Amino acid sequence: MTIRQLSDTVINQIAAGEVIERPASVVKELVENALDAGASRIEVATAGGGLSLIRIIDNGSGITPGELPLAVSRHCTSKLSEDIHDIRSLGFRGEALPSIGSVARLSMRSRTQGADSAAEIGVEGGRVSSVRPVAANPGTTVEVRDLFFATPARLKFMKTERAETSAITEVVKRMALAFPEVRFSLSGTDRNSLELPSVSADGDGLLRRIAQVMGKEFSENALAIEAEREGVALSGYASIPSFTRGNAMQQYFYVNGRPVRDKQLAGAIRGAYMDALPRDRHAVVALFLSLDPALVDVNVHPAKADVRFRDPGLVRGLIVGAIRHALETSGMRASTSGAEAMLSAFRSPETEAGSAPAAAWPRGNYVPADRPARDWSLERSPTRPLDSFGTAHRTEGGFSAPRQETFDVGPGLSADARAGIEEAPPELTRNPLGAARAQVHENYIVAQTEDSLVIVDQHAAHERLVYEALKEALHSRPLPSQMLLMPEIVDLPEEDAERVASHAEFLARFGLGLERFGPGAIAVRETPSMLGKVDVPQLVRDLADEIAEHDTADTLKERIDHIAATMACHGSVRSGRRLRPEEMNALLRQMEATPGSGTCNHGRPTYIELKLSDIEKLFGRR
């Protein structure tokens, strides 16, 4: 076959296939251009899921008329010096505009700050029109119409209009998180409008922007993350273990302000929450990494979605350590979603069916028409005490303690254990989990704080306490190992054998003794006693795979922790055991002193807190 030079149009369409996957890719590239131009206000409008129209308006620095033809030419950019390793802008390749113009109808009008007039240029299917003067405000307006009209085969691979619209919204939200001082607006005939007002760039401003994008509920259940190690700085917010999602879509990562989706970063989040979340749940995070541009390669993906760190182990260790430290020092915090679910469960069926809630009833002595107060008598009331108790008890006074014996219908309907009928001591109610007041259904401890009601799952709580104690005992010293009668020789590729051998000292702390055995093999002489009979070749291969991917050897530690979790589950206070008041209070104090006690080993919450204000709302007092 004859080798020939491709035309510029075909070259741009090939580049568009890499850079412009869908309408959301166009929005991402154009918003990045606006941010690189220093815009403080960005407006995005779409129609037809972005396939019919995408319009981006910004108030950035603008482009001079003489530079407009260069702006729509390949590999022309103002953002990159001669050093490819010193990238400090979001865009740098100079491929976005010509790629878009090769598969769509593109028009761009721009006016620099201080200029008297604006200029416009158009590109349609790769054909560039001449520059002409127009009227426009300072900044740049880019319109993209009929996306993929020049490559109609690509339209067959687009999703529904709603799916494409949702993807565009997600892109704008991701960009907005990284630039809280910029005002974003998103509108169109295919969507509900989204307004994200600008906020300050400090910690409080970022938290307000996070609430705008990710919801107020996350900001109420988030922990501040702040750490630095060897020139790499980490900041942002991560959810408490009891606040999770069913997928990882609510995990936002940024490297030097650039939104990325990186498997290494996602793996670090899983490692940080390893023994705090169920396997099918995911933490919610918004994390920002800042480091020297020379220490990260952003030129490894056409859409700049992935990055490669020079020292991935350092970055992973920083993220895992910072989140675990925040979880350990956060004290007792219950997810507000648990309280919301509890409030929903308490709401009466009448309220759910549509009748007026208690909060809507006027205060005072007024009684609604459907609740007549006249002709009422105790004898005809369906809620009267049992007739066998007689009427004498009902006429001898008020609700003093001796008179309440009449209503004690036996142990079956009473609390399993009570912490006394006297008032809770103030020194106990001031604690985060308060003072134990009762145990119900032989599994749940009801506690009282100064401003809330706390319900604790005694089995889940004690399971976490035992697990943390076991982990501390296991990891505070080298684990005992069992010597193999004959060393197990595991054949591996030479590079895998080298990687595993380099972690031999770390693995020895967990009872796995190994050493190199020739160029492509590992000799295992000892295995952890806790693991019992071990499939040694499979364990070593799993370790080799993890070290190759994450430069860590946590697989062995995870297996040992799993055994500790199983032991904790069987060694903890079982459901159905009645506790004395002093035992209940001791359990609450241990929970307050143990990091991570808000969830059990399986990720389930150990307690739920209902504020007094929420209880008052249920009864119409607020």
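Since this is a predicted model, take the numbers as computed values, not measurements. (Residues numbered from 1 in each chain as written. Predicted model: local features only at pLDDT ≥ 70, side-chain atom pairs only at ≥ 80, totals over all residues. Heavy atoms only, no water.)

## Some thoughts on the sheet that holds strand β16 (residues 285–290)
Read from one edge to the other, the open sheet built from 5 strands follows the order β10-β11-β16-β13-β14, with strand pairing classed as mixed. Sheet topology places β10 (222–229) and β14 (258–260) at the edges, where each strand pairs with a single neighbour. Neighbouring strand axes in the sheet, compared pairwise and without regard to direction, differ in orientation by 20 degrees on average. Pairing geometry for β10 and strand β11 (residues 232–239), over 8 bridges, is antiparallel. Bridging from a neighbouring strand, Glu-226 pairs with Ser-235 of β11. Of the strands in this sheet, β13 (251–255), β14 and β16 touch helix α8 (residues 263–272), which is tilted by about 125 degrees from β13. (Pairing = 2+ DSSP bridges. Helix = DSSP H or I, 4+ residues; strand = E, 2+ residues; numbered from the N terminus. Axes fitted to C-alpha atoms, helices over the stretch in contact; angles between N-to-C directions. Contact = heavy atoms within 4.5 Å.)

## Topic: the pairing of strand β2 (residues 53–58)
Taken together, the 6 bridges between strand β1 (residues 41–47) and β2 define a ladder with antiparallel strand orientation. Residue pairing for β2: Ile-42 is matched across the bridge by Asp-58. Linking two consecutive strands that pair antiparallel, namely β1 and β2, is a turn of 5 residues; a positive phi of about 60 degrees is found at Gly-48 within it. Where β2 meets strand β7 (residues 139–145), 6 bridges bridge the pair, whose relative direction is antiparallel. Bridge assignment links Asp-58 to a residue of β7, and that residue is Thr-140.

## Some words on the sheet that holds strand β25 (residues 521–528)
As summarised here, the arrangement of the 3 strands in space is β23-β25-β24, forming an open sheet in which the pairing is antiparallel. With one partner strand each, in any of the chains shown, β23 (481–491) and β24 (513–516) form the two edges of the open sheet. Neighbour-to-neighbour, the strand axes of this sheet turn through a mean angle of 15 degrees, independent of strand direction. Inspection of the sheet shows β23 paired to β25 by 7 bridges, in the antiparallel sense. Its bridge partner being in β25, Val-490 is matched across the sheet by Ile-522.

## Notes on the environment of Ala-322
Tracing the sequence through the fold places Ala-322 in helix α9 (residues 312–329). By relative accessible area, which is 10% here, Ala-322 ends up buried. Along the sequence, Ala-322 and Ser-235 sit 87 residues apart, while their C-alpha atoms lie 9.2 Å from each other. Setting aside anything within four residues of it in sequence, one finds Ala-322 in contact with Ile-225, Ala-227 and Leu-234. (Buried < 20%, exposed > 50% of the residue type's maximum accessible area, 1.4 Å probe, protein only.)

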